[in-house]
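The chain contents come next:
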Amino acid sequence: LGTDVGGGTSLSLLRTASDAYKVLHLQEHALPAMRALYLATLGAAEALDLDAHIGNFAAGKEADFVVLDYEGSALTARRTAAAGTIEEKLFALMTLADDRNVAATYVLGRLSTYKVFILSASLFVRSPAPIVTVVGTIGERLVEPDVGQD
């Protein structure tokens, strides 16, 4: 699962995952949220033979990722509050989240001052509850580096 706009309509892996879910559903197939997350992270890294460098948070790998906030919009806040499992929360984010849910962007493990609307392929889910999901990394660096910082 990936996007470069040439193969779709958006740079957002959230939107791409949502579209993939809808297309598969129309064909009477399922795309569970955890599977979509794998396909956007470690699965994509493995497909590109880059899993030695990216795809998860293993020591020594690059770490480009975003932090997603369940409460980034009223709709996702309401839907994730009603979810009973992390899978249901992730499904809600996969199908309903947008740039308002991106709380932070990290490039090479450092907080970027640029907030970008992409799931650059790994994610943390931030919530008032102590539930955090951590998965791998992949994707282009679409944020500009912080100038003048180490």
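Before any of the text, the structure's been laid out above.
Residues numbered from 1 in each chain as written. Predicted model: local features only at pLDDT ≥ 70, side-chain atom pairs only at ≥ 80, totals over all residues. Heavy atoms only, no water.

## Here we look at the pattern of salt bridges
Thought 1: All chains considered together, the criterion is met by 1 salt bridge.
Thought 2: For Arg100, the salt bridge is made with Asp98, and the minimal N-O distance between the two is 2.6 Å.
Thought 3: Residue class for Arg100 comes out partly exposed when judged on its relative accessible area of 49%.
Thought 4: The exposure class assigned to Asp98 is buried, which follows from its relative accessible area of 17%. (Salt bridge = Lys/Arg side-chain N within 4 Å of Asp/Glu carboxyl O. Buried < 20%, exposed > 50% of the residue type's maximum accessible area, 1.4 Å probe, protein only.)

## Side note on the packing of aromatic side chains
Thought 1: Per the stated rule, a full pass over the model turns up 3 aromatic pairs.
Thought 2: Considering the side-chain rings of Phe57 and Phe65, the 5.0 Å spacing of their centres and the 85 degrees angle between planes classify their relative orientation as edge-to-face.
Thought 3: With a relative accessible area of 7%, Phe65 lands in the buried category.
Thought 4: The ring of Tyr70 is capped by Lys89, whose NZ or CZ atom sits 4.9 Å from the centre of that ring. (Phe/Tyr/Trp six-rings, centres within 6.5 Å; stacked < 30°, edge-to-face > 60°. Lys NZ or Arg CZ within 6 Å of the ring centre and 35° of its normal.)

## Details of helix H1 (residues 13-26)
Thought 1: Under the 1.5 Å per step criterion, the end-to-end length of H1 is 20 Å for 14 residues, consistent within 8% with the ideal 20 Å.
Thought 2: One or two positions beyond H1, positive phi appears at Glu28, with a value near 65 degrees. (Helix = DSSP H or I, 4+ residues; strand = E, 2+ residues; numbered from the N terminus. Expected span 1.5 Å × (residues − 1).)

## A few points about the side chain of Ser18
Thought 1: By the element assignment, Ser18 lies in helix H1.
Thought 2: Residues contacting Ser18, with those up to four places away along its chain left out, are Met94 and Thr95. (Contact = heavy atoms within 4.5 Å.)

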